[in-house]
Amino acid sequence: MLRMAGIRPLVAGALLVAGVFAGASTALAQVTYVRGNDANPETLDQHKTSTIAEANILRDLYEGLVIYSAKAEVIPGVAESWETSDDGLTWTFKLRDAKWSNGDPVTAEDFVFSYQRILNPETGAKYANMLYVIKNGEKVNKGELQPSELGVKAVDDKTLEITLENPTPYFLQLLTHQTSYPVHKASVEKFGSDFVKPENMVTNGPYKLVSFVPNDKVVLEKNPEFREADKVAIDRVEFVPFEERATCVRRFEAGEVLSCSDLPAEQLQSLKDRLGEQVHVVPYLGTYYYALNNKRDDLKDPRVRQALSMMVDREFIANEIWSGAMLPAYTFVPPGIGNYEGGGPKVEWADLDPLDKEDQAIALMKEAGFGPDNPLELEISYSAGENHKNTATAIADMWKPLGVNVTFNVRDGSAHYSHLRDSDDYEVARAGWIGDFSDPVNFLQLWESDNTGFNYSKYENPEYDKLMDQAAAESDLAKREEILRQAEALLVKDAAVISMLYYSSMSLVSPKLKGWEDNIQNAHATRWMSISE
Amino acid sequence: MFGYVLRRLLGAIPTLFLIITLSFFLMRVAPGGPFDRERALEAKVLENLNRVFHLDRPLWEQYLYYLGNLARGDLGPSFIYRDFSVQQLLGSGLPISIQLGATALLLALLIGSVLGTIAALRQNSWVDYGVTAVATFGITVPNFVVAPLLSLVFGVWLSLLPAGGWGNGGPANMLLPVITLALPQVAVIARLIRGSMIEALRSDHVRTARAYGLPARMVVIVHAMRAACLPVVSYLGPAAAALLTGSVVVETIFGLPGIGRYFVQGALNRDYTLVMGTVIIIAVFVVVFNLVVDLIYAALDPRVRYD
């Protein structure tokens, strides 16, 4: 009795308070979009950024030379037009009359300053390499040249000229990335790295920053100085970080957030049953793979690697372990990527009957000298996580008919990835790659022999490197695509890596939220959306 | 008394120093660094970052550098949350953790002692068994079950309270997290009070009080309670330190911006300075609350004196 007496007034009080809040928000008649985000942003400095959570927020705060439309097509942003020189090396952008949130005009000089800042080694930019395509970009970032020697120049206030190292057909794609957004030069000079604080931040996008409390929320409000402010329907955005995906689902079902940016994969089926069309599962630019250390004695032989790859039942892993949150993959570059309309090379064994596949794989192992009497001992390294564990366990089971004995090595993320980077004693290792821009090069460059930090398979094939160099120098898009496909075919032939799954992006979107267009980049700027009651 | 407090606080300094040194080096034993994530970094970029954060220096130099900053009251920049210093992060999160923890603690004390006392007075009755059952339940059901359940029932199904979020500390937002935090404490406190109350009720001074003909309520609340409180007070020292420095589970499930998460997030991300900062806060809380407990003990038990 005592307990009940204690709680009732409390609940009543809570209801009263909730009522007052609800009353207050209708009185203001402000349209607020409470938006679930992947995680806390680690920074709101576009030059230190590296995560998807940051990309989602910065996309609302800033506008680059070009931007993504609601469907993630590249459309003009601050630049109203551009032209390229015949050799494809010089790009001239004509800027429109755009303003910063404090009323200053956005000038070509702002962009020059920004690109010099991100490549300056003292900035400590995680994604500086995104702009290595700009002439001298890499040298500036290595401290070999001064930032002023970067190939970016302001011809006048409204004309920006960028010179590249090589013709880069995906250059515009790169410019949609948050690292290419401008910073307001005067604020950065005045406040230094504190220019990102709400009281100091000056933005040129549809929204400006109101507050940022880590683990609570990031609040944005409409920027009245934005060039298309009259077309922005939502007044206020609150980005709420959800490291625990299930928490977002509960708040979504309680009507407290209007969208979730990721979902707990293990609940996908039950969510689909319960929430139907509000669950969006969309192909995404990412590949989940197992790197095979090509330098290890046991895995040196491409026949062994191919046998291992053939035995992996991708459909089972995608549908049963990942509940359809992933798609089966046989090649490394995900479908739907830009400049690769023809898709990846054909993998001949992919459509074989499972029993034939098994026979062929066993035969390959036998040729390589492995079998029941001489079993192959392999260690799978993976980063901690329920689905990673289940995947590794299933694969160990799938490899049993080949006489492969598997042991596991589990580490937390940081330890796992530093191990892949710094050591060469691992054998099979889980990894994933999410594309930064929509071009096959972004995926295929991982397997160049000089890309030591990323080439976890330690794949080394001079022919592959040569094809990648050829593709970099080729400005004819059709020819370039063909060269890249040949390169990927080599990757398949050598079984350098087990391409296993393509990622999907998973979101919950309330029917109240209009204008959300599913797209492969999973880019959804708030400016394209509106809320209906 | 004042001298005692001063001596205790001075005595805590070497302890803290030892904790800081041990944590600093233990953390560096863990493989990987703050910039090793699923998305690998370009070698050159990593080098730039290591230089910016002094990670390219020998470890002893980094240790001295950290101690030097600490002596000036600077906990350093966070390796992961690059727009904030560790002070700023802890400064915005700690008040929230304290607010939640203190409310939960008070609630638990209130409900726990009432339940425990009732159980002791009605020993071996159905009330007593009921309280024991509730207490066992409170201790055995972990908070990662209680928290989502409460959020699901009151937030999603009944729509009475927010399913999560801090909402600038509104009472509606605090209610469910506070209940989750308080539940196991209610259980522990009720059991402790019940045990010590039964003992106290049989003690000589309570019998004397009864013999004087004091009203039963007076005997229980004033005379028996004072003695029955002692085990709870010793329990409360570490319990308060743990509650006030936040709970990673409750903060993650309800999405609250306290500091409980920083310890785990920091450790997994190898955010060295942030982990050090939380370690220092927790250590200081433990030292201070142990001292407070000893002082309260002296106030409650006339046999204990600190001179």
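*Asks:* Please clarify how the overall build of chain A should be interpreted in this entry.
*Replies:* The helix and strand tally for chain A stands at 16 helices and 19 strands. Over its C-alpha atoms chain A spans a radius of gyration of 25 Å, differing by no more than 12% from the 24 Å that the globule rule assigns to 533 residues. For the C-alpha atoms alone, the extent of chain A along its principal axes is close to 80 × 80 × 35 Å. Burial status across chain A gives 58% buried among its 533 residues. Long-range pairs, those at least 24 residues apart, make up 69% of the contacts in chain A between residues at least 6 apart in sequence. Once the 53 positive and 82 negative side-chain charges of chain A are each reduced to a mean point, those two points are 5 Å apart.

*Asks:* What should I look at first to understand the environment of I483(A) in this one?
*Replies:* Residue and element names in this part refer to chain A. Considering the arrangement of structural elements, one finds I483 in helix α16 (residues 477–493). Given a relative accessible area of 11%, I483 falls into the buried group. As for I483 and N405, which are separated by 78 residues in sequence, their C-alpha atoms are 38 Å apart.

*Asks:* So what exactly am I meant to see when it comes to the environment of E460(A) here?
*Replies:* Relative to the elements of secondary structure, E460(A) occurs in the loop between α14 (441–444) and α15 (462–473). One polar contact links E460(A) to K295(A), side chain to side chain, over a distance of 3.2 Å.

*Asks:* Before we go on, may I ask you to explain empty space enclosed by the protein in this structure?
*Replies:* All names here are of chain A. One pass over the structure, following the stated rule, counts seven cavities of 30 Å³ or more. Counted as a void, the largest cavity has a volume near 120 Å³. Lining the largest cavity we find 15 residues, and of these S309, Y330, L491, V492 and V497 sit closest to its centre. Put simply, the parts of the chain that give the lining of the largest cavity at least two residues each are α9 (302–311), α16 and β17 (497–509). Residue composition of the lining of the largest cavity, grouped by class: nine nonpolar, four polar and two charged. Size it by volume and the second largest cavity reaches roughly 90 Å³. Lining of the second largest cavity is provided by R59, Y62, V66, I67, Y68, T176, Y181, A525, R527 and W528. Considering each element in turn, the lining of the second largest cavity owes the most residues, three residues, to strand β2 (residues 66–68). The class makeup of the residues in the lining of the second largest cavity is seven nonpolar, one polar and two charged.

*Asks:* Whenever I open this one, helix α11 (residues 260–269) of chain B confuses me. Can you help?
*Replies:* Given 3.6 residues per turn, any residue in an α-helix points the same way as the ones three and four places further on. All names here are of chain B. For α11, the set of buried residues is G260, R261, Y262, Q265, G266 and N269. Residues of α11 that are buried make contact with α4 (86–121), α10 (248–254) and α12 (272–300). Where α11 ends, the next residue or the one after it, R270, has phi of about 55 degrees, a positive value.

*Asks:* For this particular structure, what's the right way to read the state of the cysteines?
*Replies:* Throughout this description, disulfide means a covalent bond between two cysteine sulfur atoms. Residues and elements named next belong to chain A. Applying the stated criterion to the full structure yields one disulfide over all chains. In this model C248 forms its disulfide with C260; the gap between the sulfur atoms is 2.1 Å. The sign of the S-S torsion, about -105 degrees, decides the handedness of the disulfide formed by C248 and C260: left-handed. Of the two residues, C248 sits in helix α7 (residues 245–253) while C260 sits in strand β11 (residues 259–260), which places them 12 residues apart along the sequence. Residue classification places C260 among the buried residues on the basis of a relative accessible area of 0%.

*Asks:* I keep staring at the sheet that holds strand β7 (residues 159–163) of chain A and nothing clicks. Help me out?
*Replies:* Pairing between the strands of a sheet is mediated by backbone hydrogen bonds and can be parallel or antiparallel. Residues and elements named next belong to chain A. Spatial strand order, β4-β5-β7-β6: four strands in an open sheet with antiparallel pairing. The open sheet has two edge strands, β4 (79–84) and β6 (152–156), and neither has a second partner. Within this sheet the neighbouring strands show an average axis-to-axis angle of 20 degrees, counted without direction. Both β6 and β7 contribute to a ladder of four bridges, which runs antiparallel. Note that in β7 the partner of D156 across the bridge is T159. The strands that helix α3 (residues 108–119) touches are β5 (90–95), β6 and β7; relative to β6, the one it contacts most, it runs at about 170 degrees.

*Asks:* Just to check I follow, could you spell out the packing of α4(B) against helix α9 (residues 216–244) of chain B for this structure?
*Replies:* Two measures define how a pair of helices packs: the angle their axes make with one another and the distance between the axes. Residue and element names in this part refer to chain B. Direction vectors running N to C along α4 and α9 enclose 150 degrees, while the axes themselves pass 11 Å from each other. In terms of orientation, α4 and α9 fall into the roughly antiparallel class. The interaxial crossing formed by α4 with α9 has right-handed handedness. Residues L94, S97, I98, G101, A102, L105, L109, S113, T117 and L121 of α4 form the contact with α9, whose own contacting residues are V220, M225, V232, L236, A240, L243 and L244.

*Asks:* Just checking my understanding: could you explain the confidence of the model for chain B for this structure?
*Replies:* The predicted coordinates ought not to be read in detail in places where the model reports low pLDDT. When pLDDT is averaged along chain B, the result is 91; 99% of the residues meet or exceed 70. Taken together, the chains of this predicted complex give a pTM of 0.90 and an interface ipTM of 0.90.

*Asks:* When you look at the nonpolar core in this model, what are you seeing that I'm missing?
*Replies:* If you look at soluble globular proteins, the nonpolar side chains tend to sit buried side by side. The biggest cluster of nonpolar side chains holds 132 residues, and the ones touching the most others in it are L65(A), F93(A), Y115(A), I134(A), I162(A), F171(A) and Y289(A). When residues are assigned to domains, this core turns out to be shared by domain 1 (2–71) and domain 2 (87–300) of chain B, each giving three or more. Once residues within four sequence positions are removed from consideration, I134(A) is found in contact with Y115(A), L150(A), G151(A), V152(A), I162(A), T163(A), L164(A), E165(A) and F171(A). In terms of nonpolar packing, the next biggest core, distinct from the first, is built from 59 residues, A265(A), M365(A), I380(A) and I395(A) among them.

*Asks:* Would you take a moment to explain the pairing of strand β14 (residues 376–383) of chain A for this structure?
*Replies:* Every regular strand shows the same layout, with side chains that alternate between the two sheet faces. Residue and element names in this part refer to chain A. With six of its eight residues buried, β14 lies for the most part within the structure. Bridge analysis of β14 against strand β15 (residues 404–411) gives eight bridges, and the strand direction is parallel. By the bridge assignment, S383 is partnered in β15 with R411. Since β14 and β15 lie parallel, the crossover through helix α12 (residues 386–398) that links them has a hand, and here it is right-handed. Where β14 lies against strand β16 (residues 428–434), two bridges are found, and the strand directions are parallel. Within the sheet, the bridge partner assigned to S381 lies in β16 and is A429.

*Asks:* Any chance you could explain the interface of chain A and chain B here in plain terms?
*Replies:* The parts lose accessible area when they come together, and the size of an interface is often stated as this lost area. Listed by partner, the interface residues are 56 residues for chain A and 52 residues for chain B. Buried surface at the junction of chain A and chain B, summed over both partners, amounts to about 4900 Å²; 55% is from carbon and sulfur atoms. When residues of chain A are sorted by the area they lose upon contact with chain B, K126(A), N215(A) and R250(A) head the list and together hold 14% of the total. Linking chain A with chain B are six salt bridges, by the criterion used here. In this structure, R421(A) engages D36(B) in a salt bridge whose closest nitrogen and oxygen atoms are separated by 2.1 Å. Where chain A meets chain B, there are 26 residue pairs in polar contact (both at pLDDT 80 or more). Tallied by class, residues from the side of chain A that touches chain B come to 25 nonpolar, 13 polar and 18 charged.

Here is what the cut-offs are and how they apply
- Along each chain, residues carry numbers from 1 onward, in the same order as the chain's sequence is written.
- Whichever chain is written first becomes A and whichever ligand is written first becomes 1, with later ones labelled in order.
- Under the rules for a predicted model, residues below a pLDDT of 70 receive no local features and side-chain atom pairs below 80 are neither given nor counted, while totals for whole chains, interfaces and linings still include all residues.
- For side-chain calculations, the full set of non-hydrogen atoms in the structure is used, while hydrogens and water are omitted.
- Counting from the N terminus, the helices are DSSP H or I runs at least four residues long and the strands are E runs at least two residues long.
- C-alpha atoms define the radius of gyration in this analysis, and the globule rule sets the expected value at 2.2 Å times the number of residues to the power 0.38.
- Only protein chains enter the accessibility calculation, which uses a 1.4 Å probe; a residue is then buried when its area is under 20% of its type maximum, exposed when over 50%, and partly exposed in between.
- Throughout, a residue-residue contact means that at least one pair of heavy atoms, one from each residue, lies within 4.5 Å.
- For the purpose of counting charges, residues Lys and Arg are taken to be positive, whereas Asp and Glu are taken to be negative. His and the chain ends are not included.
- Where a charge lies is defined by one atom per residue type: Lys uses NZ, Arg uses CZ, Asp uses CG and Glu uses CD.
- Pairing of N or O atoms within 3.5 Å defines a polar contact, subject to two protein rules: one partner must be a possible hydrogen donor and the other a possible acceptor, and residues neighboring in sequence count only if both atoms are side-chain atoms.
- Cavities and pockets are found on a 1 Å grid laid over the protein atoms alone: a cavity is a set of points where a 1.4 Å probe fits but cannot escape, a pocket is an open set with protein on both sides within 12 Å along at least five of seven lines, and a lining residue has an atom within 4 Å of such a point.
- Grid points are joined across faces, edges and corners, and a volume is the space filled by probe spheres set on the points.
- Ten residue types, Ala, Val, Leu, Ile, Met, Phe, Trp, Tyr, Cys and Pro, are classed as nonpolar, four, Asp, Glu, Lys and Arg, as charged, and the remainder, Gly among them, as polar.
- Note on terminology: pairs of cysteine sulfur atoms within 2.5 Å are recorded as disulfides.
- Strands are treated as partners if at least two bridges between them are detected by DSSP.
- Axis definition: a line fitted to C-alpha atoms, limited for helices to the stretch in contact. Angles are taken between N-to-C directions and run from 0 to 180 degrees.
- What sets the label is the angle itself: under 35 degrees gives roughly parallel, over 145 gives roughly antiparallel, 65 to 115 gives roughly perpendicular, and the rest give oblique.
- Note on convention: near helix rotated counterclockwise from far helix by under a right angle means a left-handed crossing. Clockwise means right-handed.
- Along the chain, pLDDT gives the predictor's confidence residue by residue, from 0 to 100.
- In these notes, a set of buried Ala, Val, Leu, Ile, Met, Phe, Trp, Tyr and Cys residues joined through side-chain atoms within 4.5 Å is what counts as a nonpolar core.
- Domain start and stop points were drawn from an automatic or database domain assignment.
- Consider the strands pointing away from the viewer: the crossover is right-handed when the path from the first strand over the helix to the second runs clockwise.
- Put simply, buried area is how much 1.4 Å-probe accessible surface two parts lose in total, over both of them, once they are put together.
- When a carboxyl oxygen of Asp or Glu is within 4 Å of a side-chain nitrogen of Lys or Arg, the pair counts as a salt bridge.

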